[in-house]
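What follows is the residue order along each chain.
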Amino acid sequence: LRAIPWVFSWSQARIGLPAWFGLGSALEGFEQAHGPGSLAHVAELYRDWPFLTSALDNAELILGRSEPQIAGLYAALAGDTEGDRLWRRILDEYERSIRGLAKVTGRPELLAAEPLVGRSIRLRRPYIDPLSHIQVRFLARLRALAADDPDRERYRRLVQLTVNGVAAGLQNTG
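Below you will find a few notes about this structure. (Residues numbered from 1 in each chain as written. Predicted model: local features only at pLDDT ≥ 70, side-chain atom pairs only at ≥ 80, totals over all residues. Heavy atoms only, no water.)

On to empty space enclosed by the protein, then. Counted under the stated rule, the structure contains one cavity of 30 Å³ or more. For the largest cavity, the calculated volume is near 40 Å³. Residue lining of the largest cavity: R14, R65, I121, R124, R125, I128 and L170, and that is the complete set. Of all the elements, helix α7 (residues 115-144) adds the most residues to the lining of the largest cavity, at four residues. Of the residues contributing to the lining of the largest cavity, the split by class is three nonpolar, no polar and four charged. (1 Å grid on protein atoms, 1.4 Å probe; cavity = no way out; pocket = protein on both sides within 12 Å on 5 of 7 lines; lining within 4 Å. Points joined across faces, edges and corners; volume = space filled by probe spheres on them. Helix = DSSP H or I, 4+ residues; strand = E, 2+ residues; numbered from the N terminus. Nonpolar A, V, L, I, M, F, W, Y, C, P; charged D, E, K, R; others polar.)

A positive phi angle, close to 70°, is found at R14, a residue other than glycine. You can see R14 is positioned in the loop between α1 (3-12) and α2 (23-34). At L111, a residue that is not glycine, the phi angle is positive and equals roughly 65°. As for its placement among the helices and strands, L111 is situated in the loop between α6 (81-105) and α7.

Further remarks concern the pattern of salt bridges. Opposite charge on two side chains permits pairing when their charged atoms draw close. Within the structure shown, the criterion is met by eleven salt bridges. Here R85 and E82 are joined by a salt bridge, their closest N and O atoms 2.5 Å apart. Linking R85 with E82, this pair stays in helix α6, spanning three residues, or about one helical turn. We classify R85 as partly exposed; its relative accessible area is 45%. Between R154 and D151 there is a salt bridge, with its nearest N and O atoms 3.8 Å apart. Relative accessible area serves as the criterion here: at 34%, D151 is assigned to the partly exposed category. Sharing partners across several salt bridges, the network here consists of E28, E93 and R96. (Salt bridge = Lys/Arg side-chain N within 4 Å of Asp/Glu carboxyl O. Buried < 20%, exposed > 50% of the residue type's maximum accessible area, 1.4 Å probe, protein only.)

Structure follows, in structure tokens:
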């Protein structure tokens, strides 16, 4: 897949995985390899190196936009035990990444340094979350329909409308 549809699909699923997956493991691995307190050096780099600042701030923004409970509904569409195992791994890395970022940034919660961004995300969630629920329901119905079912086009259009609504609400098109 090309980058834009790949990232767009992860944002639609409300998890933004390409922006942060592996971050928590990397920070945890660094700390294990270099000993307790070694993340203080990474924190110093975060403060002094604009590239690292930008990379970690971007990861923090996407983690702050993520909704693991809703993303779990999309993951459940896979409907298999292998998917459940992979989803558990994603959730573990999500939590690990948040903990690692807190150690590096020194902030107690995501987006603490950007209160207006955090507020904007919180204010939009009551409108976006229902659209995501509807999208998951319509995707499941669409997948269950036979290829020649006359309702197929109607559900495809409804899914497209929810995709547009979620993208507009997230203010993110990929």
